[in-house]
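# Coordinate inspection notes
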Amino acid sequence: MTGQPRIALDDLTSDALDALYDRLDRAAGLADRLEEFAENALRTDDRELYTAIATDLRTRLAPGPPA
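Residues numbered from 1 in each chain as written. Predicted model: local features only at pLDDT ≥ 70, side-chain atom pairs only at ≥ 80, totals over all residues. Heavy atoms only, no water.

A few words on the pattern of salt bridges. Within the structure shown, the criterion is met by 4 salt bridges. Here arginine 58 ties to aspartate 32 by a salt bridge, and the two come within 2.3 Å at their closest N and O atoms. Pair noted here: arginine 58 is in helix H2 (residues 44-61) and aspartate 32 is in helix H1 (residues 14-40), with a separation of 26 residues, a long-range link. For arginine 58, a relative accessible area of 31% gives the class partly exposed. (Salt bridge = Lys/Arg side-chain N within 4 Å of Asp/Glu carboxyl O. Helix = DSSP H or I, 4+ residues; strand = E, 2+ residues; numbered from the N terminus. Buried < 20%, exposed > 50% of the residue type's maximum accessible area, 1.4 Å probe, protein only.)

So, in structure tokens, the structure goes:
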């Protein structure tokens, strides 16, 4: 994820880590809501769009190999 300056691991505080986990939880909750929208959307195009966005968000949130 971009847009935020990286914090060196040695400088990572407990509060900063908690804030990071809070952001991840909110993003996962957004993916959940998008999937709910997809289930209730009347148009097929909307269902597919909401599902694709939720899938992309979950992919980006998933842990990956270390850089």
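Taking 1.5 Å per residue as the helical rise, H1 with its 27 residues ought to reach 39 Å, and the 39 Å between its terminal C-alpha atoms agrees with that figure. Where H1 is concerned, the buried positions are Ala27, Ala31, Leu34 and Ala38. Taken together, the buried residues of H1 touch H2. (Expected span 1.5 Å × (residues − 1). Contact = heavy atoms within 4.5 Å.)

On to a nonpolar patch on the surface, then. Nonpolar side chains collect at one region of the surface, where Ile7, Leu9, Leu12, Leu17, Leu20 and Tyr21 lie side by side and expose about 570 Å² of accessible area between them. Summarising the element assignment, leucine 9 is placed in the segment before H1. (Patch = residues over 30% accessible without salt bridge, like charges linked within 9 Å, V, L, I, M, F, W, Y side chains within 5 Å. Areas by Shrake-Rupley, 256 points an atom, 1.4 Å probe, with all protein chains shown as cover.)

With that settled, consider the nonpolar core. By size, the foremost hydrophobic cluster in this structure holds 6 residues: Ala27, Ala31, Leu34, Ala54, Leu57 and Leu61. Counting only elements with at least two residues in this core, the list comes to H1 and H2. (Core = buried A, V, L, I, M, F, W, Y, C linked by side-chain atoms within 4.5 Å.)

This part takes up the packing of H1 against H2. As a packed pair, H1 and H2 sit with axes 8 Å apart at the nearest point and diverge in direction by 160°. It follows that H1 is roughly antiparallel to H2 by the angle criterion. Crossing of H1 over H2 shows left-handed handedness. Every residue of H2 that contacts H1 at Leu24, Ala27, Ala28, Leu30, Ala31, Asp32, Leu34, Glu35, Phe37 and Ala38 is listed here: Arg47, Tyr50, Thr51, Ile53, Ala54, Leu57, Arg58 and Leu61. When its residues are assigned to classes, the contact of H1 with H2 shows 13 nonpolar, 1 polar and 4 charged. (Axes fitted to C-alpha atoms, helices over the stretch in contact; angles between N-to-C directions. Parallel < 35°, antiparallel > 145°, perpendicular 65-115°, else oblique. Left-handed = near helix turned anticlockwise from the far one by under 90°. Nonpolar A, V, L, I, M, F, W, Y, C, P; charged D, E, K, R; others polar.)

Turning our attention to H2. If you check H2, its first and last C-alpha atoms are 26 Å apart, about what 18 residues at 1.5 Å a residue would give, namely 26 Å. Those residues of H2 lying buried are Ala54, Leu57 and Leu61. For H2, the angular spread of the buried residues around the axis is 60°, confining them to a single face. Among the exposed residues of H2, those oriented more than 90 degrees off its buried face are Glu48, Thr59 and Arg60. The elements touched by buried residues of H2 are H1. (Arc of directions from axis to C-beta.)

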